[in-house]
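The primary structure of each chain is shown beneath.
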Amino acid sequence: MSDFAAEFAAAGAWIDRYLSEARDYPVLSKVLPGEIASRLPAEAPERAEPFEALIADFQSVILPGITHWNSPRFFAYFATSAAPIGITAEALAAALDVKAMLWRTSPAATELEEVVMRWLARLIGLPDTFTGIIYDTASIGGFTALAAARESLGLEIRERGMAARDLPALRVYITGETHSHIEKACIALGLGRENVVRIETDAELRMRPDALIKRIDADIAAGMRPMAIAATVGTTSTTARDPVEAIAAIARERKIWLHVDAAYAGAAAIMPEFRSILAGVEHADSVVVNPHKWLFVPMDCSALFVRDPEMLRRAFSIVPEHVLQHHGASSGTNFMEYGLQLGRRFRALKLWFVLRYYGAEGLREHLRRHIALAQEFASWVEAEPGWEILAPHPFSVVCFRYSPSGFDEDAAEKLNARILDDVNATGKVFLSHTKIRGRYALRLAIGNIATTHDDVALAWRLLRERAAD
Ligand code: PLP
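What you see is a predicted model; the values in this text were computed from it and never measured.

Asks: Please clarify how the nonpolar core should be interpreted in this entry.
Replies: A general feature of soluble globular proteins is that nonpolar side chains tend to end up buried together. By size, the foremost hydrophobic cluster in this structure holds 76 residues, and its most contacted members are Ile 124, Leu 212, Ile 229, Leu 258 and Phe 305. It is helix α14 (residues 348-383) that provides the largest number of residues to this core, a total of eight residues. Mapping this core onto the domain boundaries places at least three of its residues in each of domain 1 (1-28 + 67-83 + 358-469) and domain 2 (99-345). Aside from chain neighbours lying at most four places away, what touches Leu 212 is Tyr 173, Ile 199, Met 207, Ile 229, Ile 247 and Ile 250. With 35 residues, the next largest nonpolar core counts Ala 138, Ala 148, Val 172 and Ala 185 among its residues.

Asks: Looking at this structure, how should I read the packing of helix α5 (residues 107-123) against α14?
Replies: Two quantities define a packed helix pair, namely the angle between the axes and the distance from one axis to the other. At their nearest, the axes of α5 and α14 sit 9 Å apart, and the two run at 25° to each other. Overall, the two elements α5 and α14 adopt an arrangement that is roughly parallel. Handedness of the crossing formed by α5 with α14: left-handed. Together, Ala 109, Leu 112, Glu 113, Val 116, Met 117, Trp 119, Leu 120 and Leu 123 of α5 and Ala 348, Leu 349, Leu 351, Trp 352, Leu 355, Arg 356, Ala 360 and Arg 364 of α14 make up the contact between the two elements. Class assignment for the residues of the contact of α5 with α14 results in 13 nonpolar, no polar and three charged.

Asks: Hey, could you run me through the pairing of strand β10 (residues 432-436) in this one?
Replies: Both faces of the sheet carry side chains from a regular strand, because those side chains alternate between them. Where burial is concerned, the two faces of β10 differ: the one with Ser 432, Thr 434 and Ile 436 is buried and the one with His 433 and Lys 435 is not. Counting the residues in the hairpin turn of β10 and strand β11 (residues 439-445) gives two residues, including Arg 437, whose phi is positive at 45°.

Scoring rules and cut-offs
- Residues numbered from 1 in each chain as written.
- Predicted model: local features only at pLDDT ≥ 70, side-chain atom pairs only at ≥ 80, totals over all residues.
- Heavy atoms only, no water.
- Core = buried A, V, L, I, M, F, W, Y, C linked by side-chain atoms within 4.5 Å.
- Buried < 20%, exposed > 50% of the residue type's maximum accessible area, 1.4 Å probe, protein only.
- Helix = DSSP H or I, 4+ residues; strand = E, 2+ residues; numbered from the N terminus.
- Domains from an automatic or database assignment.
- Contact = heavy atoms within 4.5 Å.
- Axes fitted to C-alpha atoms, helices over the stretch in contact; angles between N-to-C directions.
- Parallel < 35°, antiparallel > 145°, perpendicular 65-115°, else oblique.
- Left-handed = near helix turned anticlockwise from the far one by under 90°.
- Nonpolar A, V, L, I, M, F, W, Y, C, P; charged D, E, K, R; others polar.
- Pairing = 2+ DSSP bridges.

This is the structure in structure tokens:
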């Protein structure tokens with residue numbers, strides 16, 4: 001056996017043990033800032049070190065500073081899962097060390113990406129008119145889509161830039177619930193934060209189409225140029241769904257790019273009973289769904305679907321000479337032309353493995369189980385005196401709080417923040433919080449493939465116990 005085979009087998013055995021014992025680790029790391037760095041040498045080693053030393057330090061130095069995202073008792077943010085088969089695929093991709101930038105730098109990486117993106121599009125009910133490309137994150141997918149939106153305006157910004165020119169203000173419409181990456185993209189694209197317009201939401205935190213039309217028309221009347229609307233299916237805070245059909249009609253009528261951020265909830269559309277959550281998305285210009293959020297693919301794997309991939313090429317394609325030499329006359333897709341990155345990881349492999357290993361049916365079963373667990377948790381909260389649900393919970397996230405009578409908003413916030421800290425300090429579970437129209441809310445998100453009823457029940461027991469303290 002080669003050294004590599006023995007070391008890899010040892011790492012494999014460690015991962016296997018880790019996955020079976022993951023719920024026993026303190027979910028939220030308890031180290032203090034600087035603690036891990038202080039345990040590491042200031043210089044890189046001059047001499048080679050044995051594998052055993054690396055693994056030993058991985059366990060003794062690194063693990064205490066890990067917050068266990070892959071724990072079935074991780075209920076914070078959007079809970080995610082690196083399924084074992086996805087971990088295996090990552091190792092295989094690392095072994096190949098492909099840079100999937102040109103078709104010929106690995107035809108299989110490019111073509112597999114095209115095929116699995118088609119599979120995913122069909123699973124969530126997107127028409128074949130969409131083309132899918134994998135990026136690392138929804139943030140980069142969203143940025144790339146907005147860069148294409150800017151290019152689609154025909155203002156020659158790619159060639160002439162935006163400075164020292166007589167250009168109208170380019171406006172992007174979001175809500176107060178939209179994920180911050182859209183605003184970051186607008187900063188990076190030189191639009192200016194002032195041109196990111198927050199449209200009012202309704203009682204369920206969904207973008208109001210009537211307010212959107214009013215704002216767009218007022219902006220046009222003021223000489224501004226609406227560039228894009230970003231609608232969300234499954235907002236980060238409460239998983240609200242903007243009315244995409246109505247928004248798409250407005251976007252089409254006024255020829256404005258529509259980007260749909262379905263990073264988390266888009267996965268739910270693989271279930272026929274949830275297909276309707278993407279109604280209207282067929283009219284969008286771009287859509288993001290993150291398999292690394294709720295489809296058990298290890299970080300990073302974010303799918304951007306676009307109606308016109310040519311617009312991405314128009315925004316980004318530059319083929320340098322040193323690449324061109326190797327480019328030859330290949331007629332395959334060169335993904336480096338569709339975004340910022342040149343070298344690209346072989347991310348399609350892990351998505352392919354996960355989709356095949358579980359099958360669509362297997363994935364649907366896990367998602368249904370998560371949703372059922374979240375609904376059951378919500379029913380416990382609803383039934384418990386002094387506790388309340390703070391937002392609709394159609395997916396696997398529940399926003400709630402403890403609000404015994406006699407507590408004003410301020411006191412309720414302090415109380416719930418204290419409960420959250422105490423629960424998380426147990427190390428047994430990890431939840432996060434949000435604010436809903438200024439009100440502090442606890443938030444339980446279910447998304448790990450191994451989360452059980454007992455795990456969710458434990459979270460509820462701890463919450464009630466700490467509330468009673
Ligand atoms: N969009 C939504 C709705 C999100 O909730 C998040 C993150 O949680 C993102 C986008 C950003 O995702 P990523 O980390 O892939 O950039």
